[in-house]
Amino acid sequence: MIDQQLHRARMVSSVAATVISLACGTNYVYSAWAPQFADKLNLTTTESNLIGAAGNLGMYSMGVPIGLFVDNRGPRPAVAAGALLLGLGYYPFRASYENAAGSVPLLCFFSYLTGLGGCMAFQAAVKTSALNWPHHRGTATAFPLAAFGLSAFFFSQVGSLFFPGDTSAFLTVLAAGTFALIFTGFCFLKVYPHTPAYHAVPNGGSGSDTQRLRRTSSSEDGKARGARRFPDVEPGMSTPTTYTTPATSTQAQTDAEAPGPSSPSASAQLRDQTDVESARPPPDEAPDSDVDETSSLMSKSSSLPGDVLVQSSVDMDRSHRVDIRGWRLLSNVDFWQLFTIMGILAGIGLMTINNIGHNVNALWRRFDDSVPESFLVQRQQMHVSILSIGSFGGRLLSGVGSDFLVKVVGASRAWCLVAASLVFCIAQLFALNVSNPHYLGFVSGLSGLGYGFLFGVFPSIVAETFGIHGLSQNWGFMTLSPVISGNIFNLFYGAVFDSHIIVSPDGDRSCYDGIDCYRNAYFVTLGACGLGLIVTLSTIRHQYVARLREAGKGAAED
């Protein structure tokens, strides 16, 4: 009965984590309301992109510090803080839109808060799912990860269905909806540690046998229940306990079961062991004690155990043998190659994600200048939805495809990055040639697909290349790359678009040149795609040679 209640409680907590994640990816819906917001406040395209880039900065730049906060304070405080930051971040945009006035630096600050809030709540939600289902982490974390990817689709659909063409109401939905969803999930989000205690069998036999774990007997379990636990530590927080070796674990068990009064050291050792083993998975499945990352999409960077992102999708043998992090990472050639690939491809994707709304306006004003503003808003929201669905599909395809490459073909997962580069190249070619707005869906769909391909496989590549033990730190460093490249590409797009803007006597800013409003920006990203493809192929070649050298060295040692 108790097991059933715990199972039900964990299911409720997982649903809450999914609901929370659904509110955390709203930075990607920015393009659905940014053009109207810029028009109302008479902002240039460059200024509008600065505001959007600030949201991306909040989402990507603070992954490692937030991971430390989630690890030390538990998931719930981060969720509460995320709800407040999202609500406080979006409400000023609604007020500025209503008053048709606002300071760009201040708006950038509030946009940064929305990204930071989404990052905090998302990391906490995914970590909670991972802790609640230690033996099914891949499935448990798939739901919040998928919800994050579909967040833009969800909110854009809500806006188009219930508030078509009303930008002010849509901003209200973002402010109230994100806060309400996360706060509702917060009420049901909780970590439920697995209570059965484990300990090692007596030392002897083969090395693998000595590491095998068994459940305690009822008498041992009773003693474990009687052991005093940390009274002030919330489940999911870091605790000052450590794993004991098989030899010391066996000795502690023997001393505790011996007749007569047990020694204080033996009791303390058994209590510490019980605390660790009852609250965490067995040692062979225990998460790394370092700060870990949740987001392959987003962002994500996080506090999630590294194997949550890459479970059943990583060469676990190599990922556990290799451990490159810190200063060693910065002096590693593979790191800078992957950092460059991430920066180039993610920056290309972010440029379209943040500016698809401007593409829509430019093409429709040239194609049919009589369309009302409400129609343009609906088309923007439609393309944001296409981007979101494409990203979701790309994540799924890259996961399945990378497993196929490794297990069936025997090839490197980095070939998925080649696929992402090619998809982005095709998307840029469509962007350079599609002048009919009815076919703009090819640009948004392929851009989302390439972005999903990129973030769906990259955490696994990072884990296999540098080791799973330092994935948190390494992925945190890797996600700094889109912050740099995304700003560069977005600001360049803004400069190109602004060069074609016509300012009317009443201050309205519009571009009626159609595809020429932004074509030059996509020439640059097409060249960047080619560069990314070259660097990716070079990385595959470099890793192949390194693996051969490593295999030869291992054979020589044997």
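Scoring rules and cut-offs
Positions within a chain are numbered from 1, following the residues in the order the chain's sequence is written. pLDDT decides what is reported in this predicted model: residues at 70 or higher carry local features, side-chain atom pairs at 80 or more are listed and counted, and totals for whole chains, interfaces and linings draw on all residues regardless. Side-chain calculation: all heavy atoms of the structure are included, whereas hydrogens and water are not. UniProt positions are given in the numbering used here, feature names are shortened, and annotations may be inferred rather than shown by experiment. Runs of H or I in DSSP of at least four residues are treated as helices and runs of E of at least two as strands, each being numbered from the N terminus. By this rule the span expected of a helix is its residue count minus one, scaled by 1.5 Å. Exposure is judged per residue with a 1.4 Å probe applied to protein chains only, and the accessible area is read against the type maximum: over 50% gives exposed, under 20% gives buried, and values in between give partly exposed. Two cysteine sulfurs form a disulfide in these notes if their separation is within 2.5 Å. What makes a patch is a set of residues exposed beyond 30% relative accessible area and free of salt bridges, joined within 9 Å when like-charged and within 5 Å when nonpolar (Val, Leu, Ile, Met, Phe, Trp, Tyr). Under the convention used here, a 1.4 Å probe and the Shrake-Rupley method define accessible areas, while residue burial counts only the protein chains that appear. Within this document, salt bridges are pairs made up of a side-chain nitrogen of Lys or Arg and a carboxyl oxygen of Asp or Glu, the two lying within 4 Å of each other. By nonpolar core we mean a set of buried residues, namely Ala, Val, Leu, Ile, Met, Phe, Trp, Tyr and Cys, connected to one another through side-chain atoms within 4.5 Å. What makes two residues a contact is simply this: any of their non-hydrogen atoms within 4.5 Å. pLDDT expresses how confident the predictor is about each individual residue, on a scale running from 0 to 100. To obtain each axis, a line is fitted to C-alpha atoms, and for helices this fit is confined to the stretch in contact; angles are then taken between N-to-C directions over 0 to 180 degrees. Note on terminology: angles under 35 degrees are roughly parallel, angles over 145 are roughly antiparallel, angles of 65 to 115 are roughly perpendicular, and the others are oblique. The hand of a helix crossing depends on one turn: near helix anticlockwise from the far one by less than a right angle means left-handed, and clockwise means right-handed. Here the term charged refers only to Asp, Glu, Lys and Arg, the term nonpolar to Ala, Val, Leu, Ile, Met, Phe, Trp, Tyr, Cys and Pro, and the term polar to all other amino acids, Gly among them.

Going by the annotation in an unreviewed UniProt entry, the name recorded for the protein chain is Nodulin-like domain-containing protein, with Podospora comata given as the source organism. Under the Subcellular location (unreviewed entry) heading, UniProt states for the protein chain: "Membrane".

> Teacher, can you tell me more about helix α8 (residues 151–162) here?
An α-helical turn contains 3.6 residues, so a residue and the one three or four places further along point in the same direction. With 12 residues, α8 should reach 16 Å at 1.5 Å per residue; the first-to-last C-alpha distance of 17 Å fits that figure. For α8, the full list of buried residues reads Ser151, Ala152, Phe155, Ser156, Val158, Gly159 and Ser160.

> Even after reading the chapter, I still don't get the state of the cysteines, so can you show me in this structure?
What we call a disulfide is simply a covalent bond connecting the sulfur atoms of a pair of cysteines. Counted according to the given criterion, the structure contains one disulfide. A sulfur-sulfur separation of 1.8 Å characterises the disulfide bridge that pairs Cys511 with Cys517. Between Cys511 and Cys517 the sulfur-sulfur dihedral comes to about -95 degrees; the bridge is accordingly left-handed. Take Cys511: its relative accessible area is 2%, and that puts it in the buried class.

> Help me out: how do you make sense of a nonpolar patch on the surface in this one?
Nonpolar side chains collect at one region of the surface, where Leu84, Leu88, Phe179 and Phe183 lie side by side and expose about 390 Å² of accessible area between them. Broken down by secondary-structure element, the contributors of at least two residues to the nonpolar patch are α5 (75–99) and α9 (167–188).

> What's the story with the environment of Gly25 in this structure? I'm lost.
Counting through the fold element by element, Gly25 comes out in the loop between α1 (2–22) and α2 (34–41). Sequence-wise, Gly25 and Ala152 are 127 residues apart; in three dimensions their C-alpha atoms are separated by 6.3 Å.

> So what exactly am I meant to see when it comes to the nonpolar core here?
Within soluble globular proteins, side chains that are nonpolar tend to cluster in buried spots. Trp33, Phe37, Ile182, Tyr451, Phe458, Met478 and Tyr518 are the most contacted members of the largest nonpolar core, which totals 117 residues. Considering every element that reaches this core, the biggest residue donor is helix α17 (residues 333–367), with 17 residues. If we ignore the near neighbours within four places in the chain, the residues touching Trp33 are Tyr90, Phe93, Thr167, Phe170, Leu171, Leu174 and Gln380.

> Which parts of the structure should I look at to understand the side chain of Asp498?
Summarising the element assignment, Asp498 is placed in helix α22 (residues 480–498). Residues contacting Asp498, with those up to four places away along its chain left out, are Thr44, Thr45, Thr46 and Arg509.

> Please clarify how the confidence of the model for the protein chain should be interpreted in this entry.
Detailed reading of the predicted model is not advised wherever pLDDT is low. Summary statistics for the protein chain give a mean pLDDT of 76 and a share of 72% for residues scoring 70 or more. Note on residues 204–233: pLDDT under 50 across the span, and 48 contacts to partners over four residues away in sequence or across chains. Counting interchain partners and residues more than four positions distant, the pLDDT-below-50 stretch residues 239–316 has 210 contacts.

> I'm lost on the environment of Met382 in this one. Help?
Mapping Met382 onto the fold places it in helix α18 (residues 373–409). Using a relative accessible area of 31% as the deciding quantity, one classes Met382 as partly exposed.

> Help me understand the packing of helix α19 (residues 415–433) against helix α20 (residues 441–466) in this model?
Each pair of packed helices can be summarised by the angle the axes make with each other and by the distance between the axes. Packing of α19 against α20 leaves a shortest axis separation of 8 Å and a crossing angle of 160 degrees. One way to sum up the angle between α19 and α20 is to call them roughly antiparallel. Handedness of the crossing formed by α19 with α20: left-handed. Listed contacts from α20 to Cys416, Leu417, Ala420, Val423, Phe424, Ile426, Ala427, Phe430 and Ala431 of α19 are Phe442, Val443, Leu446, Ser447, Leu449, Gly450, Tyr451, Phe453, Leu454, Val457, Phe458 and Ile461. Residues that form the contact of α19 with α20 fall into these classes: 19 nonpolar, two polar and no charged.

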